[in-house]
Amino acid sequence: MESPSVTSVVLLACGSFNPITNMHLRLFELARDHLEDTGQYKVVSGLISPVGDGYKKKGLIEASHRREMARLATENSDWITVDSWESLQPEWVETVAVIRHHNEKLLETQQNCDEMDTVKYTKKRRIENRYEASSHQKRRDGPKVMLLCGADVLESFGVPNLWKQEDIDEIVGGYGLVCITRTGNDPHKFINKSDVLWKHRRNIHLVHEWVTNDISATHMRRALRRRQSVRYLLPDAVVSYIQQNDLYSAESEQKNADVVLAPLQRYLEASSNCIHTHISGGIKEINKMPTSLCGTWDTISNVNFEGYMIALGISPCLRKIALKLKLRKVIEQQGDQFIIKTLSPLKSYTLSFRVGQELEEFTEGLDNRHIKSLVTWEGNKLVCEQSGEKKNRGWTHWIEDNKLHLELYCEGEVCKQVFKKNVSE
C-alpha cells in the first residue's frame, strides 16, 4: 500500500525541443527513478511543453513541427505526453506562467475528484473514516508540479536579465526543480554562488547521470543540415518526420538570427527603451534599442591594421604574419552581457564583459598589456574605452548594411574592419 506521506508529482519540461532527442526523454526516466527512490514522491505523469514561436530563438523552427515531433517521440510512452497550450500562445509565455497554468489545471482536476467523492460517499461514511480521509487528502493534495530541466537551465538563472528574480523564487521555492546533471556542469557550485537558489536548495533535486550522454539539439541540427545521420540519437519516428518535411537547413538555422531573444526584448522594452537623463535643467529622452551583434562574422576588409599594430608596439615579424591572417568574430549576447571571440590560425582572444561595468583585461596575443576597459552603448554602437600604458585606446562595434563594423584606435591610428555574417555556422 502506498504511504500516506507520498506526494504525487507531475514532471513538467519546458523548452524548444528543436528537435526533441532521446536525451530529452531520458531526463524524465532519470527524474522519476530519483524521486521515487527517495520514498517521498510518486511520479504520476510527465508533460512536455514546447515553447511558442514568440520566443524568437535563433534557428527555432515552427512550433507546429516541434509539437508534432514531440508527439511522435512520446506516442509509445504510457506516462509522458505533450501539452500544446504554451506553443499555441501568440506571444512568448514566461516559464513561471506555464507552471502556474498546469498547476491550476491539476487543482481543477483534484477539485472535480473531490466533488465526485462527496456524491459517492454518504456523510456517515465520511465521519466514520475521518482519519482515513484526512490521511488520504494529505497524499492527494497535489499532484505537485515540478520543473524538469538540465543543468544548463539551472545555470541560465545567472544570466543577467534573462530571468526575473521573483520568477526564480516562485519556480524553485514554490514548485520545485529536478535538475539532471550534464557533462562539464557543476550545479552544486552554481547553487552555492546563488543566494536565491541556496535559500531553496532543499527544493532542488540534483540527479547525476552516470551513463554520460551529451546529445544536444544544437548538435543534432548541425548534423541534419549537413545531411549526416542522426539515427539512434533521435526517435525513429522523429527522424522520418524531419526527412519528410526537410526541416533543418542552413537557411532555417538563420531564422531569428538578428532578433533579440524574447525575454531580453521584454527587459529592454521595460528598462532601456526610454532612459531619462537630466541635463541643463531639463530632461532628454534617449532611445536605446541597439541591434543584436550576435553571430559568426568573417573579415571582408581590414584597413590600416598595420598602423594600429605599430601604435601598439607589436614587432615587425608578428605584424607581417598578422596581416596575412583572416579574422573571425564570434559574438554571443544575453542582454548587456557579451562574449566576443576573435579567432585566427595564429592566436585567438576571448573578451567577456557586461556593458557599464569596468573590467581588468590582459590583451594576451595582441600587445600583452594589462588594461582597464569600460564598454557602453552610444546609440546603436558598442563603444569601449581602454586605459593603460597606451593613450586614446579603444574600439567601437556596430551593425550597418547587415555587416559588422569595427574601429580599433590607439594613439591617433585608426584601423577599420568590416565583417560579413557567416550563414553556414
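For the structure given in this document, a descriptive report is provided here. The structure displayed is predicted, hence computed values, not measured ones. (Residues numbered from 1 in each chain as written. Predicted model: local features only at pLDDT ≥ 70, side-chain atom pairs only at ≥ 80, totals over all residues. Heavy atoms only, no water.)

## Description of the sheet that holds strand 10 (residues 328-334)
Reading across the sheet, the ten strands line up as 12-11-10-9-18-17-16-15-14-13 and stay open at both edges, with antiparallel pairing between neighbours. Every interior strand has two partners, whereas the edge strands, strand 12 (349-354) and strand 13 (359-362), have only one. Here the strands of the sheet are splayed against their neighbours by 25 degrees on average, with no regard to which way each runs. The pairing of strand 9 (residues 295-303) with strand 10 spans four bridges and is antiparallel. Within the sheet, the bridge partner assigned to Asp298 lies in strand 10 and is Arg328. The sheet strands contacting helix 14 (residues 305-312) are strand 9, strand 16 (393-400), strand 17 (403-410) and strand 18 (413-421), and the helix crosses strand 18 at an angle near 130 degrees. (Pairing = 2+ DSSP bridges. Helix = DSSP H or I, 4+ residues; strand = E, 2+ residues; numbered from the N terminus. Axes fitted to C-alpha atoms, helices over the stretch in contact; angles between N-to-C directions. Contact = heavy atoms within 4.5 Å.)

## Things to note about the environment of Asn304
Following the sequence through the fold, Asn304 ends up in the loop between strand 9 and helix 14. Residue classification places Asn304 among the partly exposed residues on the basis of a relative accessible area of 32%. Placed 110 residues apart in sequence, Asn304 and Val414 show a C-alpha to C-alpha distance of 6.8 Å. (Buried < 20%, exposed > 50% of the residue type's maximum accessible area, 1.4 Å probe, protein only.)

## Observations concerning the nonpolar core
Formed by 39 residues in total, the largest nonpolar core has its most connected members in Leu11, Ile20, Met69 and Val178. For this core, the elements supplying multiple residues, two or more each, are strand 1 (7-15), helix 1 (22-37), strand 2 (41-50), helix 2 (63-74), strand 4 (144-150), strand 5 (177-180), helix 10 (217-225) and helix 11 (236-245). It is helix 1 that contributes the most residues to this core, seven residues altogether. The residues touching Met69, leaving out its near neighbours within four places in the chain, are Pro19, Ile20, Ile61, Val238, Tyr241, Ile242, Leu247 and Tyr248. Residues Val51, Val93, Ala151 and Val196 belong to the second largest nonpolar core, which totals 34 residues. (Core = buried A, V, L, I, M, F, W, Y, C linked by side-chain atoms within 4.5 Å.)

## Side note on the packing of helix 2 against helix 11
Taken N-terminus to C-terminus, the directions of helix 2 and helix 11 make an angle of 150 degrees; their axes are 8 Å apart at the nearest point. Here helix 2 lies roughly antiparallel to helix 11, going by the angle between them. As helix 2 packs across helix 11, the resulting crossing turns out to be right-handed. Note on element contacts: helix 11 touches helix 2 through Ala237, Val238, Tyr241, Ile242 and Asn245, opposite His65, Glu68, Met69, Leu72 and Ala73. Its residues assigned to classes, the contact of helix 2 with helix 11 comprises seven nonpolar, two polar and one charged. (Parallel < 35°, antiparallel > 145°, perpendicular 65-115°, else oblique. Left-handed = near helix turned anticlockwise from the far one by under 90°. Nonpolar A, V, L, I, M, F, W, Y, C, P; charged D, E, K, R; others polar.)

## Brief notes about the pattern of salt bridges
Inspection of every chain in the model, using the stated rule, returns 23 salt bridges. The salt bridge involving Arg66 is made with Asp53; its shortest N-O contact spans 3.4 Å. In this pair, Arg66 sits in helix 2 while Asp53 sits in the loop between strand 2 and helix 2, placing the two residues 13 residues apart along the sequence. Classification of Arg66 by relative accessible area gives buried; the value is 0%. Looking at Asp53, the relative accessible area reads 35%, which means it is partly exposed. Here the salt bridges share partners, and the residues they tie into one network are Lys58, Arg221, Arg225 and Glu253. (Salt bridge = Lys/Arg side-chain N within 4 Å of Asp/Glu carboxyl O.)

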